[in-house]
Amino acid sequence: MNNGTSTGPNNPQRTSATVLARVVAILFWIGAWQIASMAVNSEFVLAGPLDAAAALVRLLPSGEFWRSVGFSLIRIAGGSAIAYLVAVPLALIAAALPTIRTLLQPAMSAIKGTPIACTVVALLIWFGSRNISAIAVGLAVIPAVYFGVLQGLDRADPGMRDLFHTFNAPVPVRLLAQTWPAIFPYLRAASQSVLGMSWKAGIAAELIGVPTGSVGERIYQAKLLLETADLFAWTIAVVALAWLFERLALRALDATWPASAKFALRFRRHEPEGAPVVKPSIANKAPILTASNLVCGHNGIASSGPFGFHLRAGDIACIEGPSGAGKTTLLNTLAGSLDPVSGSIERGHGDTAIAQVYQDIRLLEELSAIDNVMLIASANLSSAEARKRLKELLPSDAIDAPVSALSGGQRRRVELVRAFAASSHLVLLDEPFTGLDAQARELAQAHILAHMEDRAVLISAHDAASLDLPLDAIISIGTACHTGSQAARP
Ligand SMILES: Nc1ncnc2c1ncn2[C@@H]1O[C@H](COP(=O)(O)OP(=O)(O)OP(=O)(O)O)[C@@H](O)[C@H]1O
């Protein structure tokens, strides 16, 4: 029976019960520690928690305590920060250049696999003891971050990569809005495991090198003088510092997404002053794009074609064919996301700019509809104009909400607005009306006609007759055999 009581993970009763259970568990172990120290009955061998707490209370007000903490904190935090600054760019370079990746692989694996204690002895000989913790921390953090980032890049969503590539987004936009979210979860997981460990590595290095003024030196002195209570007090302080450091660093990392995508809005592509949003039409209406004997497929295996057609400024053409005929494959080949199996695609302008609406939704889910549009839009398109265009197809309250909160049909309409907000010669639309009701479909078709200006538009559909658009050409793709026949514009 449902008595109205929430039983989910956010239930406050459950949360406070969980906290209480944890406190009880901690108290249990502190009690066990106290009983063990009372049984041993020697403060030198095993000081109890009360002795350690008393020692900590004695240490906390002393300037020497905070100077030692500051000494080690600067080196451990500094070593970690430098390690990130080295490892992230190295991973980006290694992901782009296989030779560099192969070259770095054994070095990173060796650093990762070598115990810190062994490394520290050599580091002491080379660099002395003063900054030993920073170097040891750097060596612990670099491989973890490097391999984490590399894994993120290897598993980056190829669809989002194609999106930024097809729309020819500037490099800073790609790095901040595509690369960063791809590596972010992997970097976070690596950071979670390595940041707490960095304190262990740093303090272990200080215990071996005993640099003057460090936490390691204070722990070493406590051990020499058999001040077990002080030893435990320093250990508690180090554990607390490591915990705090990890929490703050992870919070700072968490704050970077989706902030980085919003920051990327500053780097939108700038067209020359006063240039129209649409690229200037090609002289004499020469073809924007010509496909000759074009055979399309995946991994070198042909699935449709050969195609022969051309598209000129202002053309609206339809690729028509049943499910599985090869419409998406042809569009992705024209966009440059897939290589042709054979034949050629000639771009009339050399730099024929392409915008695309994909069959699967490709939006930055955490960003609003307006931010998704503005990220890709021509820098000459004002935010007010983008908002106006979105309002043609979406309710007002959907424009500033994260797109993850929109319906499938609404998200598709955001993609449509984005495609015509970008500066382009050719817009490829892959079944753009999927999931739209009759009225939304009508509005979407009107949006295309209102904003295509001098662009060519190539649109895929199962049946060209279902489109209420003035078509200049229909490219029909056959059924079972997947070989294409097409009617090029006369
Ligand atoms: N990534 C892939 N690797 C290998 N083959 C693929 C891949 N994607 C699609 N195919 C194959 O290519 C052929 C054409 O698929 P495509 O998605 O282009 O068809 P479509 O006409 O767009 O279909 P639909 O209308 O269902 O979207 C199909 O036989 C499909 O199985």
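Scoring rules and cut-offs
Numbers given to residues run from 1 along each chain, matching the order in which its sequence is written. With pLDDT at 70 or above as the cut-off, local features in this predicted model cover only qualifying residues; side-chain atom pairs require 80 or more to be listed or tallied, and sums for whole chains, interfaces and linings still use all residues. Each side-chain value is derived from all of the structure's non-hydrogen atoms; neither hydrogens nor water enter the calculation. Definition of nearness: a residue and a molecule or strand are near each other if at least one heavy atom of the residue lies within 4 Å of the molecule or strand. Any N or O atom pair separated by 3.5 Å or less is treated as a polar contact, with the protein-specific requirement of one donor-capable and one acceptor-capable atom, and with residues adjacent in sequence counted only for side-chain atom pairs. For every accessible area listed, the method is Shrake-Rupley and the probe measures 1.4 Å; residues are considered covered only by the protein chains on display. Secondary structure elements follow DSSP: runs of H or I no shorter than four residues count as helices, runs of E no shorter than two count as strands, and numbering proceeds from the N terminus. All amino acids are sorted into three groups, where Ala, Val, Leu, Ile, Met, Phe, Trp, Tyr, Cys and Pro are nonpolar, Asp, Glu, Lys and Arg are charged, and the leftover types, Gly among them, are polar. Only the six-membered ring of Trp is used, alongside the rings of Phe and Tyr, when aromatic pairs are assigned; centres must lie within 6.5 Å, and planes under 30 degrees apart are stacked while those over 60 apart are edge-to-face, with the rest tilted. Only protein chains enter the accessibility calculation, which uses a 1.4 Å probe; a residue is then buried when its area is under 20% of its type maximum, exposed when over 50%, and partly exposed in between. Only when the NZ atom of a Lys or the CZ atom of an Arg is both within 6 Å of the ring centre and within 35 degrees of the ring normal do we say a charge sits over the ring. Should DSSP find at least two bridges between two strands, the strands are regarded as paired. Helix axes are fitted to C-alpha atoms over the stretch in contact, other axes to C-alpha atoms as well, and angles between N-to-C directions run from 0 to 180 degrees. We call two residues contacting when some pair of their heavy atoms lies within 4.5 Å.

Draft legend 1. Highlighting the site of the ligand. Within the structure, the ligand sits among 14 residues, and Ser323, Gly324, Thr328, Thr329 and Gln359 are positioned closest to it. Histidine 298 is positioned such that a nitrogen or oxygen atom in its side chain is 3.2 Å from a nitrogen atom of the ligand. Taking glycine 326, its main chain carries an N or O atom lying 2.9 Å from an oxygen atom of the ligand. Its free accessible area being 640 Å², the ligand has 59% of it covered by the protein chains. Among the elements that line the shell around the ligand, the one with the most residues is helix H12 (residues 327-335), at three residues. Tallied by class, residues from the shell around the ligand come to two nonpolar, ten polar and two charged.

Draft legend 2. Spatial organisation of the packing of aromatic side chains. Counted under the stated rule, the structure contains nine aromatic pairs. When the ring of tryptophan 180 is compared with that of phenylalanine 184, the centres are 6.4 Å apart and the planes differ by 55°; the resulting orientation is tilted. Here the residue tryptophan 180 and the residue phenylalanine 184 both occupy positions in helix H8 (residues 171-209), the gap between them amounting to four residues, near one helical turn. Note on tryptophan 180: relative accessible area 18%, which makes it buried. Look at tryptophan 199 and phenylalanine 245: their rings are 6.2 Å apart centre to centre, the planes differ by 70°, and that puts the pair in the edge-to-face class. Linking tryptophan 199 in helix H8 with phenylalanine 245 in helix H10 (residues 228-254), this pair joins segments that are 46 residues apart in sequence. According to the relative accessible area criterion, tryptophan 199 is buried, its value standing at 1%. Ring pairs connect the aromatic residues Phe65, Trp66 and Trp234, which therefore count as one cluster. One residue, arginine 75, lies across the ring of phenylalanine 71, its end atom 3.7 Å from the ring centre.

Draft legend 3. Seen up close, the sheet that holds strand E6 (residues 426-430). The five strands lie next to each other as E5-E6-E7-E3-E8, forming an open sheet whose pairing is parallel. Across the chains shown, the open sheet's two edge strands, defined by having one partner strand only, are strand E5 (354-357) and strand E8 (473-476). Going across the sheet, the axis of each strand differs from the next one's by a mean of 15°, ignoring polarity. Here E5 pairs with E6 via four bridges, running parallel. Its bridge partner lying in E6, glutamine 356 is registered against leucine 428. In this fold H12 packs onto strand E3 (316-320), E5, E6 and strand E7 (456-461), with an angle of close to 155° to the strand it touches most, E6.

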